[in-house]
Amino acid sequence: MKFGDKELFLIEDGGFRLDGGAMFGVVPRVMWAKSDPPDDQNRIALACNTLLVKTGDANVLIDTGCGGKWSDKERDMFAVDEPRTLITDLARVDLMKEDITHVIYTHLHFDHAGGGTYIDNDGQLKTQFPNATYYAQRGEWEVANNPNLRDRRSYKPENLNPLAESGQLQLIDGDQEVLPGISVRITGGHTEFHQVVFVESNGYTAVHNGDLIPTASHLPTPFVMAYDLYPEQTMAYKEPHMKEAAEQGWLMVFEHSARRNEKVGHLVVNEKGRHNLEPFDLDGNEYTPVK
């Protein structure tokens, strides 16, 4: 859809499942199972919703999903579902991988950075987007390349090494504008250097929330993943972030929301002072701000 002088497209990279208890941390199952019913292994359905921004001069991808470098064991463990992939979804908007000029990572966990690389027909690891510059926070990159015992399953060398080896990696430090109208803000919480990405144009603002608010079911402030390394940081950033989103009418993108009507929307405050999602029409051709 048109978004000021830019265009936005929700690009999906299939789905997968993670343990519901881990996704909601200390929140009791009875409180999340109604909205996110688990399967017989207690896993809930998740999506990989990346955001494509067309500026006229650049094609910018925010996160890259899980990618396809799964082992058979991993496909079974995570119940990988790939009716749509990053590359096939880009083709829907008439783009090939060579057309992507910039990739901005919220962080470098496998379900956000996995699609940035692939294995070619000769079995060689390559960057997925040969003409793109890949952006990541320097602190996040350093942690990803020196993970501790808790982190190492989330940070995979096959998602990282090709970026450095190709010379396409650009490390950034702190909050900044990466491209005109596209900026990042460090949130901490999920990882120490996790960031959200803002897209601004003609007075409109869209925010890709990464894992700060992974799904619309995580809007209540205490609903924080057990995967978050610094949960108190998540809650401290999340509350004022949502307040500003509601007041300013930001268009919010939720990376892991699997239900179509919860992938993108505006926040509104209900009679109890809590934030609800007002879904956005994904079939619209032009952005209509919230009233």
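Placed above this text is the structure.
Parameters and conventions
Residues numbered from 1 in each chain as written. Predicted model: local features only at pLDDT ≥ 70, side-chain atom pairs only at ≥ 80, totals over all residues. Heavy atoms only, no water. 1 Å grid on protein atoms, 1.4 Å probe; cavity = no way out; pocket = protein on both sides within 12 Å on 5 of 7 lines; lining within 4 Å. Points joined across faces, edges and corners; volume = space filled by probe spheres on them. Helix = DSSP H or I, 4+ residues; strand = E, 2+ residues; numbered from the N terminus. Nonpolar A, V, L, I, M, F, W, Y, C, P; charged D, E, K, R; others polar. Pairing = 2+ DSSP bridges. Axes fitted to C-alpha atoms, helices over the stretch in contact; angles between N-to-C directions. Core = buried A, V, L, I, M, F, W, Y, C linked by side-chain atoms within 4.5 Å. Buried < 20%, exposed > 50% of the residue type's maximum accessible area, 1.4 Å probe, protein only. Contact = heavy atoms within 4.5 Å. Salt bridge = Lys/Arg side-chain N within 4 Å of Asp/Glu carboxyl O.

### Points about the layout of surface pockets
Point 1. Here the largest pocket is characterised by a volume of approximately 580 Å³.
Point 2. Going through the elements one at a time, β2 (6–19), α3 (72–77) and α5 (110–113) are the ones with two or more residues in the lining of the largest pocket.
Point 3. Estimated volume of the second largest pocket: approximately 460 Å³.
Point 4. Elements supplying a minimum of two residues to the lining of the second largest pocket: β2 and β14 (251–253).
Point 5. A per-class count over the lining of the second largest pocket returns 12 nonpolar, 2 polar and 8 charged.

### Comments concerning the sheet that holds strand β15 (residues 264–269)
Point 1. The strand order across the open sheet formed by 7 strands is β10-β11-β12-β13-β14-β15-β16, and the pairing between neighbours is mixed. Both outer strands of the open sheet, β10 (176–179) and β16 (275–279), are each paired with one neighbouring strand and no more. Geometrically, the sheet is characterised by an average inter-axis angle of 35° between neighbouring strands, direction not taken into account.
Point 2. The pairing of strand β11 (residues 182–186) with strand β12 (residues 195–201) spans 5 bridges and is classified as antiparallel. In the strand pairing of β12, Ile 186 is matched with Gln 195.

### Side note on the nonpolar core
Point 1. Leu 8, Val 53, Ile 104 and Leu 251 are the most contacted members of the largest nonpolar core, which totals 24 residues.
Point 2. When contributions to this core are tallied by element, the ones reaching two or more residues are β2, β3 (43–54), β4 (59–62), β10, β11, β12 and β14.
Point 3. Sequence-distant contacts of Leu 251, defined by excluding residues within four places in its chain, comprise Met 1, Phe 3, Leu 8, Thr 205, Ala 206, Val 207, Val 264, Gly 265, His 266, Phe 280 and Tyr 287.
Point 4. With 23 residues, the next largest nonpolar core counts Leu 95, Tyr 105, Tyr 155 and Leu 171 among its residues.

### A few points about the pattern of salt bridges
Point 1. Applying the stated criterion across every chain, the model contains 13 salt bridges.
Point 2. Between Asp 5 and Lys 6 there is a salt bridge, with the nearest N and O atoms lying 3.7 Å from each other.
Point 3. A network of salt bridges, in which partner residues are shared, links Glu 12, Arg 84, Asp 89, Arg 92 and Lys 263.

By themselves these figures say nothing about function.
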